[in-house]
Amino acid sequence: MACFFRRRIAAKLAMTLQQPEEAFTAALSAVAVFKKQQTADFKLSLNTLRLNGVLPPSGDIELQAENLATQLKQDSVVEDVSAERGMVLFKVNRQLLVQKLLEPFGNGEDEKFGLNSELFDTLKRGTTLVEYSSPNIAKKFHAGHLRSTVIGNFIANLKQSLGNNVIRMNYLGDWGMQFGLLGAGFGQFGCQEKLKKNPLQHLFEVNDILYIIHIFFLQVYVQVNKEAEHDDGLKQAARDFFRQLEQHESQAVSLWQQFREITVTEYQHVYKRLGVHFDIYSGESFHQDQAQEVVQQLQSRGLLKTSEKGTGVVDLSPDRDMSSVSTVLRSDGTTLYITRSVRVKVVKQSQRKMFTTDKSQMNHFHQLFQILLAMGHSWADRCQHVPFGLVQGMKTRTGEVVFLEDVLDEARARMLHNMSQSKTTKEMDNPEDTAEKVGISALIVQDFKGPLQSDYKFDWDRMLQAQGDTGVFLQYTHARLCSLLRRNEGLEAATFDPAVLHEQTGLTILQHLLRYDEVLYQSAQDLQPKHLVNFLLKLCHLIASAHKELPVKGSPRDVAQVRLQLFRGACSVLANGMRILGITPVDKM
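Residues numbered from 1 in each chain as written. Predicted model: local features only at pLDDT ≥ 70, side-chain atom pairs only at ≥ 80, totals over all residues. Heavy atoms only, no water.

In the nomenclature of an unreviewed UniProt entry, the protein chain corresponds to Probable arginine--tRNA ligase, mitochondrial from the organism Anabas testudineus. Note on the protein chain: under the UniProt heading Catalytic activity (unreviewed entry), the record states "tRNA(Arg) + L-arginine + ATP = L-arginyl-tRNA(Arg) + AMP + diphosphate". (UniProt positions renumbered as here; feature names shortened; annotations may be inferred.)

Okay, here's the thing in structure tokens:
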């Protein structure tokens, strides 16, 4: 593995420069590879060593690199040392490269590959709470929720793979004035008899009925919003209903509970399709009592002020001149979203807490963290908002704004059509299930290819291409590797001869795998999935070349065995990386 070579090179540098090995770990990195082009395996950045005080900060950096390269001698691990553009380059022994990188895939350590790296020693481990998806009850589970769901799932998967105890939370928007509107609207436009005819235990079993009931709620919500724009009486009724909820009046709470349970059950159906699960379904309603405690704490600390409009505010301006305030109470004393967002007990149980929402909420979380710090909660520094951009043009063939489930249905249908038209598609037991998984992987990869904060334009045709940098290409490569391994069952050997894998095509794959731990480390640092996506896509391109140039069938047995081990290792890393992204690999396509 990469860590073996990195440690040996660091030890060589430590002995030469009389510094601890740890001083060189961050400065060493695997060299990015290119098809058909031989490269060194690792590079040492002298800039990093100069900044860290290991080398003098002044002088000609290229001359420093050349002088250091001449001091470093070849050995059984490093077979060549050279200098180039202020860096020292290391080429490791080719047989040792093959042996060390392919050994783990023959002894049951496939899933651990790249995860026991010394790079992760500097990362803080512990309990991490990741809050994501968080749709609003009684509103559409819109396609726009896809980003929060898949990004949060990626972060949770990554943190867990790196040894953290991860709590996955879905913090539902299940409280607030929208329920006042819905409660008032249901009284005016709804029909309780429809709910009585389909009790909840039956709704949990019949998804179609559940969906119809949910749409019925949404229609009520849309209608009441339109009516409320021109009806002061309806607005007052909404405020009254929400006040009844906050005061725990049984009739209002019972109706609210029906809305919540019906909607959550539909959401769980969509999450199952996405391969997403949550440890906790929380929501604003769970923290309504705590919101009152927060108000009392703000009052006792002298932080709660009354605005000219009669609302309760917290002054966040540096000079305390009320030039920047956060409203935490309406004029009638009811709480707001930000008040209910101060969830002290939830955050205290985790070393770190992450909120995954679109970038329009950046100011909300900035204010929230400021309020927490003002209340004396130092752990607010462990809270992090992970913002993301918007998806533009996510519509179905009908051109309508869509539910998330509509997007998943169309991705499956389009992928099923593409598979039926392809001459290479294999026979499979459940083509719809395969089309579903491949379609979802296409959605995820299109979402993850760029920086998270950037908006991007949704493109059905480009997303579902089998050729090119898409989720379909990842799945196709994985399925092709699985087919190769199935066709050669029985050829695997407990040991293999690393000396017979000498073609540059195969060595390039191994050089690329040297970067896997670095890619995971970089992803853990900035929480950007693009690093892992681009690494896996490049791996697939390298595998495509190897399929042509390194045949297993018809090769001498020792050559076939080591090539098969190479493909097995590539398949394992590809599958593990896909799972971290939240993609379920398929083995036939």
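There's more to say after this.
What is the right way to read unusual backbone geometry from this model?
Trans peptide bonds make up the majority, and among non-glycine residues the majority have a negative phi. Even without being glycine, Gln18 reaches a positive phi, approximately 55°. Here Gln18 is to be found in the loop between helix 1 (2-17) and helix 2 (22-25). One non-glycine residue, Met322, adopts positive backbone phi at about 65°. (Helix = DSSP H or I, 4+ residues; strand = E, 2+ residues; numbered from the N terminus.)

For this particular structure, what's the right way to read the packing of aromatic side chains?
Where two aromatic rings form a pair, the distance of their centres and the angle of their planes describe that pair. For the coordinates displayed, the defined rule picks out 13 aromatic pairs. When the centroid spacing of 4.9 Å and the interplanar angle of 70° are considered together, the rings of Tyr271 and Phe278 count as edge-to-face. Residue class for Tyr271 comes out buried when judged on its relative accessible area of 1%. Judged by its relative accessible area of 11%, Phe278 falls in the buried class. On the basis of an interplanar angle of 45° and a centroid distance of 6.1 Å, the ring pair of Phe365 and Phe369 is categorised as tilted. One end of the pair, Phe365, and the other, Phe369, are both in helix 16 (residues 362-374), 4 residues apart, so they sit about a helical turn from each other. Considered together, Phe365 and Phe369 belong to a single accessibility category, that of buried residues. Among the aromatic side chains, those forming a connected cluster through ring pairs are Phe105, Phe113, Tyr516 and Phe535. (Phe/Tyr/Trp six-rings, centres within 6.5 Å; stacked < 30°, edge-to-face > 60°. Buried < 20%, exposed > 50% of the residue type's maximum accessible area, 1.4 Å probe, protein only.)

Teacher, can you tell me more about the nonpolar core here?
Side chains of nonpolar character tend, in soluble globular proteins, to be buried together. Within the largest apolar cluster, 136 residues are counted, with the highest numbers of intra-cluster contacts made by Leu44, Val88, Phe90 and Leu510. When residues no more than four places from it in sequence are discounted, the contact partners of Val88 are Phe42, Lys43, Leu44, Leu46, Ala65, Leu68, Ala69, Leu72, Val81, Ser82 and Ala83. In terms of nonpolar packing, the next biggest core, distinct from the first, is built from 21 residues, Val294, Phe355, Phe369 and Cys383 among them. (Core = buried A, V, L, I, M, F, W, Y, C linked by side-chain atoms within 4.5 Å. Contact = heavy atoms within 4.5 Å.)

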